[in-house]
Amino acid sequence: MSTPHDAVEIRALPYDHPDVQQLVEGLQQLYVELYGGRDDSPIDRSEFELPRGTFAVAYDPAGDTAASPADDVPTPVAMGAWRLLPDGRAELKRMFVRPDQRGRGLSRLVLRWLEQSALKAGVVDMVIETNTVHAEAIRLYESVGYAPIPAYGHYADEPETVSLGRSLAERD
């Protein structure tokens with residue numbers, strides 16, 4: 001696959017936007033494949049409205065190989081979000097790239113966009129709760145400076161949970 005290019009656009013969208021919901025459903029299907037069920041962590045759409053958080057969707061006009069060449073509608077190919085935690089840290093949520101778009105660096109683009117958004121909102125630290133099954137995700141986060149932190153969140157008591165964090169002030 002190709003690498004990201006200038007045509008990829010990232011937009012902040014509300015949680016209930018159809019493109020967000022389409023990608024969330026793709027992520028939930030991945031959870032079913034990996035865990036045998038959907039993620040049941042509580043989500044309140046208002047948590048993803050600035051200044052408390054935001055949802056980001058990456059669009060690529062060339063991203064949907066099934067679309068007709070005549071279609072000029074950009075295709076949603078990746079997403080991610082952050083929400084403010086009560087302790088002032090931001091938590092990454094719902095990071096996902098469509099399976100047919102993986103390997104292009106879209107996760108890094110979305111992650112960088114989310115970190116910049118959180119930093120502009122005054123957030124200093126970003127955290128994420130993931131799982132040992134997501135070895136590729138763990139490698140991604142570690143490659144950009146995320147390191148193990150004490151367990152937190154909805155799945156903190158699960159033995160497979162991996163909690164990572166980093167200071168956004170140190171972002172290169």
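Remember, it's a predicted structure, so these values are computed and weren't measured experimentally.

### So, the confidence of the model for the protein
- Looking at the protein as a whole, its pLDDT mean stands at 89, while 90% of the residues score no less than 70.
- For the protein, helix H1 (residues 18-35) is the element with the lowest average pLDDT, namely 94, and strand S6 (residues 147-148) is the one with the highest, namely 98.

### Digging into the layout of surface pockets
- Roughly 1100 Å³ of internal volume is contained in the largest pocket.
- Surrounding the largest pocket, 39 residues form its lining, Leu30, Met95, Thr130, His134 and Ala137 being those nearest its centre.
- At the level of secondary structure, the elements contributing two or more residues to the lining of the largest pocket comprise H1, strand S4 (90-97), helix H2 (106-120), strand S5 (125-131) and helix H3 (135-143).
- In terms of residue class, the lining of the largest pocket is made up of 17 nonpolar, ten polar and twelve charged.

### So, the side chain of Ser41
- Looking at where Ser41 falls in the secondary structure, it is placed in the loop between H1 and strand S2 (53-60).
- There is a polar contact of 2.9 Å between the side chain of Ser41 and the side chain of Asp39.
- With residues near it in sequence (within four places) discarded, Ser41 still touches Lys93, Arg94, His154 and Tyr155.

### A closer look at the environment of Asp44
- Checked against the element boundaries, Asp44 lands in the loop between H1 and S2.
- The partly exposed category is assigned to Asp44, whose relative accessible area is 38%.
- Between the C-alpha atom of Asp44 and that of Arg83, which follows or precedes it by 39 residues, the distance is 9.9 Å.

### Describing H1
- Spanning 18 residues, H1 covers 25 Å between terminal C-alpha atoms, matching the ideal 26 Å at 1.5 Å per step.
- Within the span of H1, buried status applies to Asp19, Val20, Leu23, Val24, Leu27, Gln28 and Tyr31.
- Each element contacted by the buried residues of H1 is listed here: strand S1 (9-13), S2, strand S3 (75-84) and S4.
- Two residues or fewer after H1 comes Gly36, characterised by a positive phi angle close to 85°.

### Quick look at unusual backbone geometry
- Omega for the bond connecting Leu50 with Pro51 falls within 30 degrees of zero, at 10°, which places this linkage in the cis form.
- Structurally, Pro51 can be placed in the loop between H1 and S2.
- A positive phi angle is found at Arg94, which is not glycine, with a value near 55°.
- Inspection of the secondary structure puts Arg94 in strand S4.

### Comments concerning the packing of aromatic side chains
- Throughout the structure, instances matching the rule amount to five aromatic pairs.
- Note on Phe48 and Phe55: the rings are 5.1 Å apart at their centroids and 65° apart in plane angle, and the pair reads as edge-to-face.
- What makes Phe48 buried here is its relative accessible area of 2%.
- Measuring from centroid to centroid gives 5.6 Å for Tyr141 and Tyr146, while their planes differ by 65°, and the two rings are edge-to-face.

### Points about the pattern of salt bridges
- Per the stated rule, a full pass over the model turns up eleven salt bridges.
- With its nearest N and O atoms 3.0 Å apart, the salt bridge here joins Glu49 to Arg45.
- The exposure class assigned to Glu49 is partly exposed, which follows from its relative accessible area of 35%.
- We note a salt bridge from Glu91 to Arg83, for which the minimum N-O separation is 3.0 Å.

### Some points on H2
- Taking 1.5 Å of rise per residue, 15 residues should cover 21 Å, and H2 covers 21 Å from first to last C-alpha, within 8% of that figure.
- Just beyond H2, the residue with positive phi is Gly122, at close to 95°.

Quick notes on the rules
Residues numbered from 1 in each chain as written. Predicted model: local features only at pLDDT ≥ 70, side-chain atom pairs only at ≥ 80, totals over all residues. Heavy atoms only, no water. pLDDT = per-residue confidence, 0-100. Helix = DSSP H or I, 4+ residues; strand = E, 2+ residues; numbered from the N terminus. 1 Å grid on protein atoms, 1.4 Å probe; cavity = no way out; pocket = protein on both sides within 12 Å on 5 of 7 lines; lining within 4 Å. Points joined across faces, edges and corners; volume = space filled by probe spheres on them. Nonpolar A, V, L, I, M, F, W, Y, C, P; charged D, E, K, R; others polar. Polar contact = N/O pair within 3.5 Å; in protein donor to acceptor, adjacent residues only side chain to side chain. Contact = heavy atoms within 4.5 Å. Buried < 20%, exposed > 50% of the residue type's maximum accessible area, 1.4 Å probe, protein only. Expected span 1.5 Å × (residues − 1). Phe/Tyr/Trp six-rings, centres within 6.5 Å; stacked < 30°, edge-to-face > 60°. Salt bridge = Lys/Arg side-chain N within 4 Å of Asp/Glu carboxyl O.

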